[in-house]
Amino acid sequence: MKVLKKTAALLTTAAILLISACGGIEELPQEMPVLTTAVKTVDPASIRAQDDYYGYVNAAYLLENLPAYGEVSSGSFNEVEDAVRDELMGLLTEIIGNPGDYPAGSTEQLIRDIYLQGIEYTDGAAEMEKVRGIIGEIRAVTDIKELLKLWAQLNVNYGVSFPSIVNVTGSYFVSGENALYLSQSTSMCGCDLEELTKYDTAALTAKGQLSTLLLPFTSGKAEADALAEDAVYLLLDAAFATDLSVTHAADPFTTFSFITDDEASALLPNMGATPLKLTFGLDENPYGGYYIQDRSQLEKFNELFTNEHLEAWKTLLICSLVKSETNFIYSEDPAFASFAPDEAMGKEELAAELIEDMMAERVSKLYSQKYFTPEKEKALREMCDTLRESYRELIGNAEWLSEEGREGLLRKLENITFVLGDSAPQVIDPADAALIGEDLPDTVHRICGSVFEKRKARIGKPTDSSEPRMPAQMVNACYDPSNVVTITVAIMHAPFFDANASDAANLGGLGMVVGHEMGHALDSMCMDFDDNGSYDPGWLSEADRKELSERADRLAAYYSEYTVLDVYHVDGVKTNGENYADLGAIECITN
């Protein structure tokens, strides 16, 4: 008989690390605490549906399909991801192996040139010297405002994001427009701020990580440790000022508030420039302000943006820069040995992985053109029409809603836009040939700068509802609160979708996925977005909202009673939107 083993590791000591009275971050003790293990076995046949429905349905399957050693997941998504990876490698191999010339600036030309640079790259020493030069510039700065300006400049080509950086993305509050956001920072230089507030060991871990990044650029470990420790204390200041209720909000849209340009300047006077000017170099804000999430964190950043903390900020910038460059300099110092790629991966595979990371948007169009056939599109659109018709009937029969409420939800249903594949044609700009630099790092920095300029170009422009929310080669589907469902080409594989399978099989596979994403339009969180996709909780009547809220509360209470496989306690409030979408999809495809 196969049984599930549930293991819990129990610490026998109260703490591993303390902040000492003299203010230093102590090293781990030589003798680590003893771990004891408690093991509980469960026979899947003994699980009752009313006690653990997840275990009742899945336990036996999980026993037969546990992830292989070293893997953290398994199942249909993993199987499809493996198939898609083979398709991508085949596509790249075809492009790279073509002996002919590609048009200058075309995706094919860029892919082949990046690949060749990747397998030929050996000159880590030259890049290391460039990094040393930039670090010299950072250390020469004598004023916090100048440091932030340099940080913003490095962000363009090196991707070293800084506190209070401005993001531009589709507005949650005005459908069809972009907006500027000063979102909450949850980590800095790879250090998780929440963990710093919860675990003593997190401070020691952060110190070790920063010290490792600094070591080749200091006189030795003592200096690297001292600089890292000062930076960690700054991170702790920021971490304890962070509003974790924002981080864990069940409805993140309720955490945003709008502040004007003048209010932003008053909130962050020590930055020396407006957030928009510092991030993008623009003087005029077409939106008149920013959406912020965590005022207390921004106030703390401003408090820390002083010359008193200049050296700690320098350390964080240097570490962020070095971290962004470890792919190119890992061979130049023993301290960077942990950043070396997996030895099992050859240069060809590493180069292909880099192309997928850096060129995801361009690869998306090539992958879609090759694998999103007219037959697939026709079958998928018919499925979407079927699902919409089913939801139309379910909403129409929801007599517990007012007639006005049903009409509003039906309008929202009809307004859902389905984005299938990545159908926009490739636009070839000969000027893009200049994205290929003198070597691989130079090319990566140029592409990073190009992505930055595209983000900047969105400011003041409307959003495009036909634009995919994720690349075609990602095995996924998603719902955007602007009332757009994206279904990628990659997920159109068996067992999710097979053009030769029955309608019932496809409905049970991809139909369930798409029905789930459509269900988000009607879930407890996205219900606050009106039929045009703008955040407006008052778009439905108070009576309908009360009815919907009561049902959401009952659903949350229902799921909160569950413990999955006797280990994982379900939080019905935080999972409410997903549970709504799951149940909505089940009702839809079985209607």
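Residues numbered from 1 in each chain as written. Predicted model: local features only at pLDDT ≥ 70, side-chain atom pairs only at ≥ 80, totals over all residues. Heavy atoms only, no water.

### Observations concerning the confidence of the model for the protein
Detail in the predicted coordinates should be disregarded across regions flagged by low pLDDT. Residue-level pLDDT values for the protein average 89, and 93% of them are 70 or greater. Ignoring residues within four places in sequence, the model shows residues 1-23, a span with pLDDT below 50, making 58 contacts including any to other chains. (pLDDT = per-residue confidence, 0-100. Contact = heavy atoms within 4.5 Å.)

### Digging into the packing of helix α2 (residues 76-97) against helix α3 (residues 107-120)
Two elements in contact, α2 and α3, have axes whose closest approach is 9 Å; the angle formed by their N-to-C orientations is 90°. Considered as vectors, α2 and α3 are oriented roughly perpendicular to each other. Listed contacts from α3 to Leu92, Ile95 and Ile96 of α2 are Glu108, Ile111, Arg112 and Tyr115. Partitioned by chemical class, the residues of the contact of α2 with α3 number five nonpolar, no polar and two charged. (Axes fitted to C-alpha atoms, helices over the stretch in contact; angles between N-to-C directions. Helix = DSSP H or I, 4+ residues; strand = E, 2+ residues; numbered from the N terminus. Parallel < 35°, antiparallel > 145°, perpendicular 65-115°, else oblique. Nonpolar A, V, L, I, M, F, W, Y, C, P; charged D, E, K, R; others polar.)

### Regarding the pattern of salt bridges
Taken as a whole, this structure holds 23 salt bridges when the rule is applied. The shortest N-O distance in the salt bridge between Asp422 and Lys365 comes to 3.0 Å. Of this pair, Asp422 sits in the loop between β9 (417-420) and α18 (440-457) while Lys365 is found in helix α15 (residues 360-371), placing the two residues 57 residues apart along the sequence. Where salt bridges share partners, they join Glu389, Arg392 and Glu414 into one cluster. (Salt bridge = Lys/Arg side-chain N within 4 Å of Asp/Glu carboxyl O.)

### Focus: the packing of aromatic side chains
Within the structure shown, the criterion is met by 26 aromatic pairs. Where Phe258 meets Tyr291, the ring centres are 5.1 Å apart and the plane angle is 65°; that geometry is what we call edge-to-face. With a gap of 33 residues between them, Phe258 in strand β7 (residues 257-260) and Tyr291 in strand β8 (residues 289-292) connect regions that are remote in the sequence. Taking relative accessible area as the criterion, Phe258 reaches 38% and is therefore assigned partly exposed. Three or more aromatic residues joined by ring pairs form one cluster here, namely Tyr172, Phe173, Tyr181, Phe253, Phe256, Phe258, Tyr291, Phe529 and Tyr535. For Lys370, the ring lying beneath its charged end belongs to Tyr371, and the centroid distance is 5.8 Å. (Phe/Tyr/Trp six-rings, centres within 6.5 Å; stacked < 30°, edge-to-face > 60°. Buried < 20%, exposed > 50% of the residue type's maximum accessible area, 1.4 Å probe, protein only. Lys NZ or Arg CZ within 6 Å of the ring centre and 35° of its normal.)

### Re a negative patch on the surface
A contiguous patch of negative charge on the surface is contributed by Glu71, Glu79, Glu81, Asp82 and Asp86. Relative to the assigned elements, Glu79 resides in helix α2. (Patch = residues over 30% accessible without salt bridge, like charges linked within 9 Å, V, L, I, M, F, W, Y side chains within 5 Å. Areas by Shrake-Rupley, 256 points an atom, 1.4 Å probe, with all protein chains shown as cover. Lys, Arg positive; Asp, Glu negative; His and termini not counted. Charge placed at Lys NZ, Arg CZ, Asp CG, Glu CD.)

### Looking at the sheet that holds β8
Reading across from one edge, β3-β4-β8-β7 is the order of the four strands in this open sheet, with mixed pairing throughout. Every other strand in the sheet has two partners, leaving β3 (167-170) and β7 as the edge strands with one partner each. The average undirected angle you get between the axes of adjacent strands in this sheet is 45°. Strand direction decides the pairing type here: strand β4 (residues 178-182) and β8, joined by two bridges, are parallel. Bridge pairing in β8 places Tyr181 opposite Tyr291. (Pairing = 2+ DSSP bridges.)

### Quick word on the packing of helix α7 (residues 200-214) against helix α8 (residues 221-241)
At a closest axis distance of 8 Å, the pairing of α7 and α8 adopts a crossing angle of 135°. In terms of orientation, α7 and α8 fall into the oblique class. Crossing handedness for the pair α7 and α8: right-handed. Residues Ala203, Ala206, Lys207, Leu210, Ser211 and Leu214 of α7 lie in contact with α8, whose contacting residues are Ala224, Asp225, Leu227, Ala228, Glu229, Ala231, Val232 and Leu235. (Left-handed = near helix turned anticlockwise from the far one by under 90°.)

### Concerning the side chain of Ser171
With respect to the helices, strands and loops of the structure, Ser171 is situated in the loop between β3 and β4. Assessed through its relative accessible area of 8%, Ser171 is described here as buried. Beyond its immediate chain neighbours, meaning those up to four positions away, Ser171 contacts Glu177, Asn178, Ala179, Tyr181 and Tyr291.

### A short note on the environment of Asp200
Structurally, the position occupied by Asp200 is in helix α7. Note on Asp200: relative accessible area 42%, which makes it partly exposed. Separated by 178 residues in sequence, Asp200 and Lys378 have C-alpha atoms that sit 56 Å apart.

### A look at the environment of Glu353
Looking at the secondary structure, you find Glu353 in helix α14 (residues 347-358). Under the relative-accessibility criterion, Glu353 is labelled partly exposed at 34%.

### Comments concerning the nonpolar core
With 139 residues, the main nonpolar core has Leu210, Trp313, Leu316, Ile487 and Leu510 as its most contacted residues. Residue contributions to this core peak at 11 residues, all from helix α13 (residues 310-329). With residues up to four places along the chain from it excluded, the contact list for Leu510 reads Leu380, Met383, Ile487, Ile491, Met492, Phe496 and Phe497. Ranked by size, the runner-up nonpolar core spans eight residues in total, among them Phe173, Phe253, Phe529 and Tyr535. (Core = buried A, V, L, I, M, F, W, Y, C linked by side-chain atoms within 4.5 Å.)

### Focus: the sheet that holds strand β11 (residues 484-487)
Overall, mixed pairing links the three strands, which are arranged β9-β11-β10 in an open sheet. Lying at the two open borders of the sheet, with one neighbouring strand each, are β9 and β10 (477-480). Strand-to-strand twist in this sheet, taken as the mean axis angle between neighbours without regard to direction, amounts to 15°. Bridge count for β10 against β11 is four bridges, and the pairing is antiparallel. Within β11, the position partnered with Cys478 by the bridge is Thr486. Running over the sheet, helix α16 (residues 374-396) touches β9 and β11 and is turned about 155° from β9.

### Looking at helix α5 (residues 144-158)
Compared with an ideal rise of 1.5 Å per residue, which puts 15 residues at 21 Å, α5 spans 20 Å between its outermost C-alpha atoms and is within 8% of the ideal. For α5, the set of buried residues is Ile144, Leu147, Leu148, Leu150, Trp151, Ala152, Leu154, Asn155, Val156 and Tyr158. Those residues of α5 that are buried are in contact with α4 (124-140), α11 (275-280), α13 and α18. The distance from a side-chain oxygen at the start of α5 to the backbone nitrogen of Lys145 is 2.9 Å, and the residue carrying that oxygen is Asp143. Once α5 ends, the next one or two residues include Gly159, with phi positive near 70°. (Expected span 1.5 Å × (residues − 1). Polar contact = N/O pair within 3.5 Å; in protein donor to acceptor, adjacent residues only side chain to side chain.)

### Here we look at a nonpolar patch on the surface
On the surface, a cluster of nonpolar side chains totalling about 330 Å² of accessible area is made up of Tyr53, Tyr56 and Val57. Mapped onto the secondary structure, Val57 falls in helix α1 (residues 53-64). According to the relative accessible area criterion, Val57 is partly exposed, its value standing at 45%.

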